[in-house]
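# Understanding the architecture of this molecule
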Amino acid sequence: MVRRLLAVVVTAAALAGIAPGPAQAAVPRESVVGGTRAAQGEFPFMVRLSMGCGGALYSPRLVLTAAHCVSRTGTNTSITATLGAVDLQSSSRITVQSNYVYRAPGYNGNGKDWALIRLATPVTGLATLPVATNTTYNTGTFTIVGWGAATEGGAQQRYLLKATVPFVPDATCDNSYPDLIPSDEICAGYASGGVDTCQGDSGGPMFRRDASNAWIQVGIVSWGNGCARPNYPGVYTEVSTFASAIATAAASLGG
Ligand code: ARG
């Protein structure tokens, strides 16, 4: 039900070119709820997209985001990516236009919620975020970041917010969301709620430290019932499931 409403809202938001992220249920919601401000340079791979979504720098020319943040595969010069600044109004921010969008093949609003946006010019001097290629890191404590709403139904944020949330096993998450797709989706949040991604954070990365203490992306902000509600964790695209498809798509886009 939550997921069904998602497509409708995404389309409306995309058409309007407005900030509130896709995937709203018929109830109010919030953003990186329970977060604090990220320091400048702390998450250099973070991208803000002009349709009101987040993303992560996958390579100097490619931004990994959510399928529900884009409308289709094909040439698209209408998206502006803002990078290199926690303050979206910073005079040192970098802005680059898109020139192509690749949406996950077969995406229909259920699972497969990933897409790549190609930038018209490569971005230099910003670290990229490697994606998990197996399930090793699909557990533990995750970092979530975004410029989305900080309270359910709240405004988009000027400054990047961050928070951490614990992994929620599929068997637990399925109790809250019977239509969860365990192979495609990974859940995170506290049973008591209070900390979560929210509208406008969609497409942004959920990540953790790997064995070498480097950041590795395990999720893409996808959906949830409201934001930060008790017993309703955030649902994220399970990046490891799609890592090889993403790599193939990236190669086809020129890397
Ligand atoms: N789909 C939303 C967006 O467009 C993100 C929803 C995340 N919700 C959550 N409770 N974690 O930004």
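Let us look at the structure shown here. Predicted, not measured: the structure shown is a model, and the values here were computed from it.

Moving on, we come to helix α3 (residues 239-252). A turn of α-helix holds 3.6 residues, and therefore any two residues three or four places apart point the same way. Spanning 14 residues, α3 covers 19 Å between terminal C-alpha atoms, matching the ideal 20 Å at 1.5 Å per step. Of all the bends in α3, the greatest measures close to 35° and is centred on A245. Of the positions making up α3, those classed as buried are V239, S240, F242, A243, I246, A249 and A250. One or two steps after α3, the chain reaches G254, where phi turns positive at roughly 95°.

Turning next to the state of the cysteines. What the rule picks out here adds up to three disulfides. The side chain of C53 participates in a disulfide bridge whose partner is C69; the two sulfur atoms lie 2.0 Å from each other. Since a negative S-S torsion denotes a left-handed disulfide, the C53-C69 link at about -85° is left-handed. Remark: C69 occurs in the loop between β4 (62-65) and β5 (74-75) and C53 occurs in strand β3 (residues 53-59); sequence separation between them is 16 residues.

Quick look at the side chain of T65 now. By the secondary structure assignment, T65 is in strand β4. Its relative accessible area of 0% is what places T65 among the buried residues. A polar atom in the side chain of T65 sits 2.9 Å from the backbone oxygen of G54. Beyond its immediate chain neighbours, meaning those up to four positions away, T65 contacts L49, C53, G54, G55, D113, W114, A115, I117, S202, G203 and I220.

This part is about unusual backbone geometry. Residue K112 is not a glycine yet carries a positive backbone phi of 45°. Mapping K112 onto the fold places it in the loop between β7 (94-103) and β8 (115-119). When its relative accessible area of 32% is taken as the criterion, K112 is described as partly exposed. Residue A228 is not a glycine yet carries a positive backbone phi of 65°. For A228, the location among the structural elements is in the loop between β13 (215-223) and β14 (234-238).

For the coordinates displayed, the defined rule picks out nine aromatic pairs. A ring pair is formed by F43 and W215, whose centres lie 5.8 Å apart and whose planes are at 50°; its orientation type is tilted. Here F43, found in the loop between β1 (36-37) and β2 (46-49), pairs with W215, found in strand β13; they are 172 residues apart in sequence, far enough to count as distant. The ring of W215 carries the charged tip of R209 above its face, separated from the ring centre by 3.7 Å.

For the rest of this paragraph, the subject is the pairing of β2. Alternating positions in β2 separate into two faces, M46 and R48 on one and V47 and L49 on the other, with burial throughout. As judged from the four bridges shared by β2 and β3, these two strands associate in the antiparallel manner. Paired with M46 across the strands is A56, a residue of β3. Counted between consecutive antiparallel strands, the loop separating β2 from β3 contains three residues, among which G52 sits at a positive phi close to 95°. Pairing of β2 with strand β6 (residues 80-83), which is carried by three bridges, proceeds in the antiparallel orientation. What sits directly across from V47, in β6, is L83.

Considering soluble globular proteins, one finds that nonpolar side chains tend to be buried as a cluster. Counting 48 residues, the largest nonpolar core has L49, W114 and L116 as the members making the most contacts within it. Breaking this core down by element, the ones donating at least two residues are β2, β3, β4, β6, β7, β8 and α3. Sort the elements by how many residues they give to this core and α3 lands first, with six residues. Once you skip the residues sitting within four places of it in the chain, L116 turns out to touch Y58, L62, V63, L64, Y100, V101, Y102, I246, A249, A250 and L253.

Conventions used here
- Residues numbered from 1 in each chain as written.
- Predicted model: local features only at pLDDT ≥ 70, side-chain atom pairs only at ≥ 80, totals over all residues.
- Heavy atoms only, no water.
- Helix = DSSP H or I, 4+ residues; strand = E, 2+ residues; numbered from the N terminus.
- Expected span 1.5 Å × (residues − 1).
- Bend = angle between axes of the 7 residues up to and from the residue.
- Buried < 20%, exposed > 50% of the residue type's maximum accessible area, 1.4 Å probe, protein only.
- Disulfide = S-S within 2.5 Å.
- Polar contact = N/O pair within 3.5 Å; in protein donor to acceptor, adjacent residues only side chain to side chain.
- Contact = heavy atoms within 4.5 Å.
- Phe/Tyr/Trp six-rings, centres within 6.5 Å; stacked < 30°, edge-to-face > 60°.
- Lys NZ or Arg CZ within 6 Å of the ring centre and 35° of its normal.
- Pairing = 2+ DSSP bridges.
- Core = buried A, V, L, I, M, F, W, Y, C linked by side-chain atoms within 4.5 Å.

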